[in-house]
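Report on the structure
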Amino acid sequence: MRVIAALLLLGAAVETVGTTQESIILAGSGTTNPSRFFWKWMDVLTKRMKIPAKMSYRAVGSGQGMDDFPNVDFACGDIPYSGSESVVHAPFALGTISVFVNIAGVSSIKLSPCTLAKIYSLEITDWNDPEITSLNPELEDKLAAQAGKGISVARRTKGSSSTYGLTQYMATTCSASWTEGATFIMSVTGDTMTLVQGSGGMTKHIVSQENSIGYLDSGHGIANGLTEVSLQTKDAEGDVVGYHISSDATKSAAWDDIAIPDAAGDWSSFSLQGRPWPAWPITMVSYFYIHPDLSAMGDTAFLFKAFAETILSEEGQKDMETNYGFVKLSDEFHTKSIEALDSLTMPTGDPFTFETSTADDSTDDKVISVKRYPKPFDTESVLTNIA
């Protein structure tokens, strides 16, 4: 079981034992945020398929995913693709980015955009700084106990959409204190700045380091019991509403009255960032980056489409929201994504189809059947068992 679980952590699916039929191979790369969710459903699909398949997804960050896109079957990112390849965008999830801290005795804390920017530019280096204590007078004694201990600031070492989301937030709300602009990789360095890899590395740093601060997708941080920072929110006129955590926000407010581009349209300036409260100020769209012409990929093209359809299905979207902390797509986003998949140039041949009831009884090679594997396994228990 340890071998199988380790393969799952790499995103690899287990080939059916005892068959001599050649496996269909599908390889993807990109944002780390949905990786555990993807690995789970890649495994589920291989168990529901008659034809053996091997699917993998490298959780390397959105920036690296864009770099990898020319050489992989598909890639994913939490911002629109900005590379040189032709691309079709298919949104599959909405997510929020939050800031988290580990301060002894502190279960909630408020930070303004400029205070946060000064922490990340290493201008503020102590939790007992007057700018922080003035926002949190109820924490005066607890913050005073941390005087002189410094702030352990964590940032991602590779290109990351989470970094892009945070830096875009700081750049648009306090450009005087955050001068790097919106970027995949922060350039600031110093003795109190720690570079970490992926959401897992960020979580590990915050959990293990007292007086630390970091950022990652809200669901991941909340699931790991981290203390979320209350960020300043503003209304449509730019007036301060108050300080909130991500769970206070109204999900639909992020996409109300916003025009969504077509699949092959110009997504370069599309963003849900900075929408007025009750939208969360750092909201990201997670996309499949897809090659428009898949005609040379053979059955790999049909397998990718089946995987994407599974992620967009009612079963996939419900699991993503319930168990992985994402927000399922609105009806309009979902329609755009289905149109994106329908726009692809596919190879000649039969696509995969789905058998969704255990009452069905098809033995066709291209049928993905729930009858072969009715209930997905618990990813978290597998990850825990090999930790």
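Remember, it's a predicted structure, so these values are computed and weren't measured experimentally.

What about helix α4 (residues 113–120)?
The buried fraction of α4 amounts to 7 of the 8 residues, a majority that puts the element mostly inside the structure. Of all the residues in α4, the buried ones are P113, T115, L116, A117, K118, I119 and Y120. At the exit of α4 stands L122, carrying a positive phi of roughly 65 degrees.

Looking at the packing of aromatic side chains
The full count for this structure, using the stated rule, is 21 aromatic pairs. Considering the side-chain rings of F69 and Y289, the 6.4 Å spacing of their centres and the 80 degrees angle between planes classify their relative orientation as edge-to-face. Linking F69 in the loop between α3 (62–68) and β3 (74–77) with Y289 in strand β11 (residues 283–290), this pair joins segments that are 220 residues apart in sequence. On the basis of relative accessibility, which here comes to 0%, the residue F69 falls in the buried class. By relative accessible area, Y289 is classed as buried at 0%. Relative to F304, the ring of F288 lies with its centre 5.7 Å away and its plane at 90 degrees, an arrangement referred to as edge-to-face. A residue pair is termed long-range when its members are at least 10 positions apart, and F288 in strand β11 and F304 in helix α10 (residues 299–312) qualify at 16 residues. F304 shares its class with F288; the two are buried. Each residue in the set F37, F38, Y57, F74, F92, F288, F304, F307 and Y324 is aromatic and connected to the rest through ring pairs, giving one cluster. Cation over ring: K47 sits above Y373, and NZ or CZ is 5.6 Å from the ring centre.

Some words on the environment of T335
Structurally, T335 can be placed in helix α12 (residues 331–342). Distance in space between the C-alpha atoms of T335 and D262 is 9.9 Å, their sequence separation being 73 residues.

Structural notes on the state of the cysteines
Enumeration over the complete set of coordinates arrives at 1 disulfide. Here C114 engages in a disulfide with C174; their sulfurs sit 1.9 Å apart. A torsion of 105 degrees about the S-S bond marks the disulfide between C114 and C174 as right-handed. Residue C114 is found in helix α4, and its partner C174 is found in the loop between α7 (161–173) and β7 (193–196); the two are separated by 60 residues along the sequence.

Quick word on the packing of helix α2 (residues 35–48) against helix α11 (residues 314–324)
The geometry of α2 relative to α11 is characterised by a closest axis approach of 11 Å and an angle of 140 degrees between their N-to-C directions. In terms of orientation, α2 lies oblique with respect to α11. The handedness of the crossing between α2 and α11 is right-handed. For the pair α2 and α11, the contacting residues are R36, F37, K40, W41 and R48 in the first and E315, G316, D319, M320, N323 and Y324 in the second.

A look at empty space enclosed by the protein
Counted under the stated rule, the structure contains 3 cavities of 30 Å³ or more. Roughly 80 Å³ of volume is contained in the largest cavity. Taken together, N33, D78, G95, T96, I97, D217, S218, G219, M284, S286, G325 and F326 form the lining of the largest cavity. For the lining of the largest cavity, the elements supplying multiple residues, two or more each, are β4 (88–102), α9 (218–223) and β11. Broken down by element, the residue count for the lining of the largest cavity peaks at 3 residues, all from β4.

Considering α12
End to end, α12 covers 16 Å across 12 residues, agreeing with the expected 16 Å (1.5 Å per residue, within 8%). Considered for burial, the residues of α12 that qualify are F333, K336, S337, A340 and L341. Taken end-on, α12 shows its buried residues confined to a sector of 140 degrees, consistent with a single buried face. In α12, the exposed positions angled more than 90 degrees off the buried face are occupied by D331 and D342. Buried residues in α12 make contact with β4, β11 and α10.

Quick notes on unusual backbone geometry
The residue after W277, namely P278, is reached through a cis peptide bond having omega 25 degrees. One can find P278 in the loop between β10 (240–244) and β11.

Criteria and cut-off values
- Residues numbered from 1 in each chain as written.
- Predicted model: local features only at pLDDT ≥ 70, side-chain atom pairs only at ≥ 80, totals over all residues.
- Heavy atoms only, no water.
- Buried < 20%, exposed > 50% of the residue type's maximum accessible area, 1.4 Å probe, protein only.
- Helix = DSSP H or I, 4+ residues; strand = E, 2+ residues; numbered from the N terminus.
- Phe/Tyr/Trp six-rings, centres within 6.5 Å; stacked < 30°, edge-to-face > 60°.
- Lys NZ or Arg CZ within 6 Å of the ring centre and 35° of its normal.
- Disulfide = S-S within 2.5 Å.
- Axes fitted to C-alpha atoms, helices over the stretch in contact; angles between N-to-C directions.
- Parallel < 35°, antiparallel > 145°, perpendicular 65-115°, else oblique.
- Left-handed = near helix turned anticlockwise from the far one by under 90°.
- Contact = heavy atoms within 4.5 Å.
- 1 Å grid on protein atoms, 1.4 Å probe; cavity = no way out; pocket = protein on both sides within 12 Å on 5 of 7 lines; lining within 4 Å.
- Points joined across faces, edges and corners; volume = space filled by probe spheres on them.
- Expected span 1.5 Å × (residues − 1).
- Arc of directions from axis to C-beta.

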